[in-house]
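Structural characterization, general
Okay, here's what each chain looks like letter by letter:
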Amino acid sequence: MINAIIVEDDPMVLEVNKGFLSRTSKFSLVGTASTGKEAWELIETKQPDLVLLDVYLPDTTGLEVLYELRSREMPIDVIMITAAKDVKTAQKIVRYGAVDYLVKPFNYDRFERALNNYAKMWHKFTKYEVISQEDIDWYK
């Protein structure tokens, strides 16, 4: 089971994302947060495999949270879920190492595809000691 947390400050969007996540059998929601501070408390206590992370938070940005995760070299993956559509933000998200980027509003099929692709990658990286190029090409 892949442990995930959702960081989202909009209560309605949070409920939609929780509902979407609950429709997948490979993931377990271990917590939610609506601020960067709450996100860090959850990350440090729950050590999730995956964070579904909004860019716009009331006390910081999801980009800052993602950057700090990478700076600390924490083995936690991130799928950004945000209304941010500007190129500079998208470039930072990719450069900081998010495994996917969902632009609101999105449908369940796109959410499911992001999670399924992530689950394939997670399985290979956690179950194998050596991987091939075919294994690395998890998104195909």
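Further up the page is the structure itself.
Overview of the structure.

**What to know about the packing of helix H2 (residues 36-46) against helix H3 (residues 62-71)**
The N-to-C vectors of H2 and H3 enclose an angle of 30°; their axes lie 10 Å apart at closest approach. Between H2 and H3, the crossing angle belongs to the class labelled roughly parallel. Taken as a pair, H2 and H3 cross one another with a handedness that is right-handed. Contact residues: Gly 36, Trp 40 and Ile 43 in H2; Val 65, Glu 68 and Leu 69 in H3.

**A word on the nonpolar core**
Val 7, Ile 43, Val 51, Leu 53 and Met 80 are the most contacted members of the largest nonpolar core, which has 23 residues in total. Elements that contribute at least two residues to this core include exactly strand E1 (2-7), H2, strand E3 (50-53), H3 and strand E4 (77-82). Ignoring sequence-local partners within four residues, the contact set of Val 7 consists of Ala 33, Thr 35, Ala 39, Val 51, Leu 52, Leu 53, Asp 54 and Leu 57. If you look at the next biggest cluster of nonpolar residues, it comprises 21 residues, including Ile 6, Leu 21, Ala 119 and Met 121.

**Considering the pairing of strand E5 (residues 100-103)**
The sheet contact formed by E4 and E5 spans four bridges and is parallel. Across the sheet, Met 80 pairs through a bridge with Tyr 101, a residue of E5. Once the chain exits E4 it traverses helix H4 (residues 87-95) before rejoining the sheet at E5, and the crossover so formed is right-handed.

**A word on the side chain of Glu 8**
Residue position: Glu 8 is located in the loop between E1 and helix H1 (11-22). At 2.8 Å, the side chain of Glu 8 and the side chain of Lys 104 are in polar contact.

**Describing unusual backbone geometry**
The amide bond that connects Lys 104 to the next residue, Pro 105, takes the cis arrangement and shows omega of -10°. Residue position: Pro 105 is located in the loop between E5 and helix H5 (108-127). For Gln 47, which is not glycine, the phi torsion reads 45° and is therefore positive. Among the structural elements, Gln 47 can be located in the loop between H2 and E3. Phi is positive for Glu 73, which is not a glycine, with a value near 55°. Here Glu 73 shows up in the loop between H3 and E4.

**Points about the packing of aromatic side chains**
Counted by the stated rule, this structure contains six aromatic pairs. With centroids separated by 6.4 Å and ring planes inclined at 35°, the aromatic side chains of Phe 27 and Tyr 118 adopt a geometry described as tilted. Taken together, the residues Phe 27 in strand E2 (residues 27-33) and Tyr 118 in helix H5 connect sequence positions 91 residues apart. Take Phe 27 and Tyr 118: they sit in the same class, and that class is buried.

**Points about the pattern of salt bridges**
As enumerated under the stated definition, the model contains seven salt bridges in all. The salt bridge partner of Asp 54 is Lys 104, with a shortest N-O separation of 3.5 Å. Separated by 50 residues along the polypeptide, Asp 54 in the loop between E3 and H3 and Lys 104 in the loop between E5 and H5 bring together distant segments of the chain. Assessed through its relative accessible area of 17%, Lys 104 is described here as buried. Note that Arg 110 and Asp 100 form a salt bridge whose closest N and O atoms lie 2.7 Å from each other.

How each quantity is defined
Residues numbered from 1 in each chain as written. Predicted model: local features only at pLDDT ≥ 70, side-chain atom pairs only at ≥ 80, totals over all residues. Heavy atoms only, no water. Axes fitted to C-alpha atoms, helices over the stretch in contact; angles between N-to-C directions. Helix = DSSP H or I, 4+ residues; strand = E, 2+ residues; numbered from the N terminus. Parallel < 35°, antiparallel > 145°, perpendicular 65-115°, else oblique. Left-handed = near helix turned anticlockwise from the far one by under 90°. Contact = heavy atoms within 4.5 Å. Core = buried A, V, L, I, M, F, W, Y, C linked by side-chain atoms within 4.5 Å. Buried < 20%, exposed > 50% of the residue type's maximum accessible area, 1.4 Å probe, protein only. Pairing = 2+ DSSP bridges. Right-handed = clockwise from strand over helix to strand, strands pointing away. Polar contact = N/O pair within 3.5 Å; in protein donor to acceptor, adjacent residues only side chain to side chain. Phe/Tyr/Trp six-rings, centres within 6.5 Å; stacked < 30°, edge-to-face > 60°. Salt bridge = Lys/Arg side-chain N within 4 Å of Asp/Glu carboxyl O.

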